[in-house]
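Listed here are the chains, written in short residue letters.
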Amino acid sequence: MKIITIGTSHGVPEPHRRCTSTLLETNGRYYFIDVGTFVVEDVINMGLTIDDIKAIFITHPHADHSDGLPSLITLSGWYREQHDTVVVLPQEEMIGGLTAWLNSVERLKSTINFRVTQEGDVYDDGFVKVSAVPTLHCKNSFAYYVEAEGKKLLFAGDMRSPDIDFPPRAFEEEFDLIVLEAAHFGPDGTLNALSKCNVKNVVYTHIAPHAEERLDEMEKEEFPYKCIKAYDGMELVL
């Protein structure tokens, strides 16, 4: 299994960081968690097609996590009408907006398999199983639990505070990877919650400038887990 942090910035792009987007690869199948940047170019440069992208999961309806979605699903209509990519969105209104966009663009014919995120199981294709739990970041925000290749991953998304809405299964099960943000609170703000977790690797992404120096320090410190500061294009093999 491979995790690629395509975009690692906070709410706006920085000179060396694009907005949040993470790609998971397992068994030659690809899955996005958030597409806050123009990932269609990354897909093409990696030699992939839209059919290689089996599912896209959006944690919440903020632009820095979803702005790359219209261009990505537009790609689907250039080649053929039917494909099996699933797009899991945190609120129903996003489906109407994206459908209107697709209908307004000439030469596009494809039908997108949209779903609305619900608490609990949201996706299972026999290779990857995904379930969702709400967070308090905004009205419709979610963290995603991912199971694949016998491994467990948590993409926590944006939270109000790790002390009040850290995804609860992280305290109950062993995880191979937890992906956390470093924008709305300093990375030290996550340490209390992480002290209650059994996790092998912790990756910080969605990084604000004020968190850069502290994350550099944390990578050198001793923790029960490996602490990793993400950068654009970083590849992590689990």
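Scope of this entry: the structure provided in the associated data block. (Residues numbered from 1 in each chain as written. Predicted model: local features only at pLDDT ≥ 70, side-chain atom pairs only at ≥ 80, totals over all residues. Heavy atoms only, no water.)

This paragraph deals with empty space enclosed by the protein. The final tally for this structure, using the stated rule, is one cavity of 30 Å³ or more. Volume-wise, the largest cavity comes out at about 110 Å³. Around the largest cavity sit 15 residues that line it, and Thr 20, Asp 34, Gly 157, Val 179 and Thr 205 are the ones nearest its centre. Contributions of two or more residues to the lining of the largest cavity are made by strand 3 (29–35), strand 11 (174–182) and strand 12 (198–207). Here the lining of the largest cavity takes three residues from strand 11, the largest share from any one element. Across the lining of the largest cavity, the residue classes tally to five nonpolar, seven polar and three charged. (1 Å grid on protein atoms, 1.4 Å probe; cavity = no way out; pocket = protein on both sides within 12 Å on 5 of 7 lines; lining within 4 Å. Points joined across faces, edges and corners; volume = space filled by probe spheres on them. Helix = DSSP H or I, 4+ residues; strand = E, 2+ residues; numbered from the N terminus. Nonpolar A, V, L, I, M, F, W, Y, C, P; charged D, E, K, R; others polar.)

If you trace the seven strands from one edge of the open sheet to the other, you get 7-8-9-10-11-12-13, paired in mixed fashion. Since the sheet does not close on itself, it has two edges, and those belong to strand 7 (120–124) and strand 13 (226–229), each with one partner. Put simply, the sheet's adjacent strands are angled 20° from each other on average, direction ignored. As paired elements, strand 12 and strand 13 share four bridges and run parallel to each other. Residue pairing in the sheet places Tyr 204 in a bridge with Lys 229 of strand 13. (Pairing = 2+ DSSP bridges. Axes fitted to C-alpha atoms, helices over the stretch in contact; angles between N-to-C directions.)

Next up on the list: the environment of Pro 61. Within the secondary structure, Pro 61 sits in the loop between strand 4 (53–57) and helix 2 (63–66). Owing to a relative accessible area of 25%, Pro 61 belongs among the partly exposed residues under this scheme. Sequence separation between Pro 61 and Asn 192 is 131 residues; the distance between their C-alpha atoms is 28 Å. Aside from chain neighbours lying at most four places away, what touches Pro 61 is Pro 90, Gln 91, Met 94, Cys 138 and Asn 140. (Buried < 20%, exposed > 50% of the residue type's maximum accessible area, 1.4 Å probe, protein only. Contact = heavy atoms within 4.5 Å.)

Further remarks concern the packing of helix 3 (residues 69–76) against helix 4 (residues 92–104). Relative orientation and spacing of two packed helices are given, respectively, by the angle between their axes and the distance between those axes. Following both chains from N to C, one finds helix 3 and helix 4 inclined at 50°, their axes separated by 11 Å at the closest point. Looking at the two axes, helix 3 sits oblique to helix 4. Considering how the two elements wind past one another, helix 3 and helix 4 form a crossing that is right-handed. Residues Leu 69, Pro 70, Ile 73 and Thr 74 of helix 3 form the contact with helix 4, whose participating residues are Leu 98, Trp 101 and Leu 102. Residue composition of the contact of helix 3 with helix 4, grouped by class: six nonpolar, one polar and no charged. (Parallel < 35°, antiparallel > 145°, perpendicular 65-115°, else oblique. Left-handed = near helix turned anticlockwise from the far one by under 90°.)

These results come straight from atomic positions and should not be treated as a statement about function.
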